[in-house]
Amino acid sequence: MRIAVGSDHAGFHLKEHVKATLVEAGHEVLDVGTATADSVDYPSYAREAAELVASGGAEVGVIACGSGVGVSIVANKVGGVRAVNAHDPAEAEMSRRHNDANVVTLSGARLKPEQADAIVATFLATDFEGGRHARRVGQIDTPA
Ligand SMILES: O=C(CO)[C@H](O)[C@H](O)COP(=O)(O)O
């Protein structure tokens, strides 16, 4: 898959870890930054990664900040993006099955690298169920 990744400084190390895991698994990764652990403002990175998903430049996005909250708020303001701040694989799974989430956000402060890998792997492996959920997603979506 083609996957957009991004983070601020607080998500940088987790983003780098997840990126390496995804590349190792054979995915094409588009990294919008940040490129160091120096302090930056998360909105621009989250927006750029989310816009790649909205435009079709990437199929899904993985974005990290300290809590995963700020980048989720930003991503969800991009039309066509449905971002979930997932704390465990179960949340990632349900966000795909019922909400057709296309961006997962992660907490660099709370998640261990292996926890993040498990969340992202579940997110990528789980299909949208469609049916009644498609009707509901259609009701919440905004134009890209
Ligand atoms: O989690 C975040 C946004 O939701 C940011 O990573 C966090 O606010 C950064 O804080 P600081 O500048 O103190 O490192």
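Residues numbered from 1 in each chain as written. Predicted model: local features only at pLDDT ≥ 70, side-chain atom pairs only at ≥ 80, totals over all residues. Heavy atoms only, no water.

Outline the pattern of salt bridges, listing residues and values.
Enumeration over the complete set of coordinates arrives at 9 salt bridges. In this structure, Glu16 engages Lys19 in a salt bridge whose closest nitrogen and oxygen atoms are separated by 3.4 Å. In this pair, Glu16 and Lys19 are both assigned in helix α1 (residues 12–24), 3 residues apart and thus about one turn of the helix distant. Taking the shortest distance from any N to any O, the salt bridge between Lys19 and Asp31 comes out at 2.7 Å. Of this pair, Lys19 sits in helix α1 while Asp31 is found in strand β2 (residues 28–31), placing the two residues 12 residues apart along the sequence. Taking relative accessible area as the criterion, Asp31 reaches 31% and is therefore assigned partly exposed. Shared partners join several salt bridges into a network, and the residues in it are Lys15, Glu16, Lys19 and Asp31. (Salt bridge = Lys/Arg side-chain N within 4 Å of Asp/Glu carboxyl O. Helix = DSSP H or I, 4+ residues; strand = E, 2+ residues; numbered from the N terminus. Buried < 20%, exposed > 50% of the residue type's maximum accessible area, 1.4 Å probe, protein only.)

I'd like a description of the side chain of Asp8, backed by residues and values.
Secondary-structure assignment places Asp8 in the loop between β1 (2–7) and α1. Buried and unpaired, Asp8 has Lys15 as its nearest opposite-charge partner, separated by 9.6 Å. Among the polar contacts listed, one links the side chain of Asp8 to the backbone nitrogen of Ala10, at a separation of 2.9 Å. Within the structure, Asp8 has its side chain in polar contact with the backbone nitrogen of Gly11 (distance 3.0 Å). (Lys, Arg positive; Asp, Glu negative; His and termini not counted. Polar contact = N/O pair within 3.5 Å; in protein donor to acceptor, adjacent residues only side chain to side chain.)

Which residues make up unusual backbone geometry, and what are the values?
The amide bond that connects Gly33 to the next residue, Thr34, takes the cis arrangement and shows omega of 5°. Of note, the phi angle at Asp100 is positive, near 50°, even though the residue is not glycine. Its location among the elements puts Asp100 in the loop between α4 (89–97) and β5 (103–107).

Residues and numbers for the site of the ligand, please.
Neighbouring the ligand are Asp8, His9, Ala10, Tyr42, Cys65, Gly66, Ser67 and Gly70. In this structure, an oxygen atom belonging to the ligand sits 2.9 Å away from a main-chain N or O atom of Ser67. Relative to its unbound accessible surface of 380 Å², the ligand loses 54% to contact with the protein. Here the residues of the shell around the ligand are counted per class, giving 3 nonpolar, 4 polar and 1 charged. (Near = heavy atom within 4 Å. Areas by Shrake-Rupley, 256 points an atom, 1.4 Å probe, with all protein chains shown as cover. Nonpolar A, V, L, I, M, F, W, Y, C, P; charged D, E, K, R; others polar.)

Explain the sheet that holds β5 residue by residue, including any values.
Spatially, β2-β1-β3-β5-β4 is the arrangement adopted by the 5 strands of the open sheet, whose pairing is parallel. The open sheet has two edge strands, β2 and β4 (83–85), and neither has a second partner. On average, each strand axis in the sheet is inclined to that of its neighbour by 20°, with strand direction left out of account. Here strand β3 (residues 60–65) runs beside β5; their pairing, made up of 5 bridges, is parallel. Counterpart to Val62 in the pairing with β5 is Val104. Each of β1, β2, β3 and β5 touches α1; the most contacted strand, β1, lies at about 165° to it. (Pairing = 2+ DSSP bridges. Axes fitted to C-alpha atoms, helices over the stretch in contact; angles between N-to-C directions. Contact = heavy atoms within 4.5 Å.)

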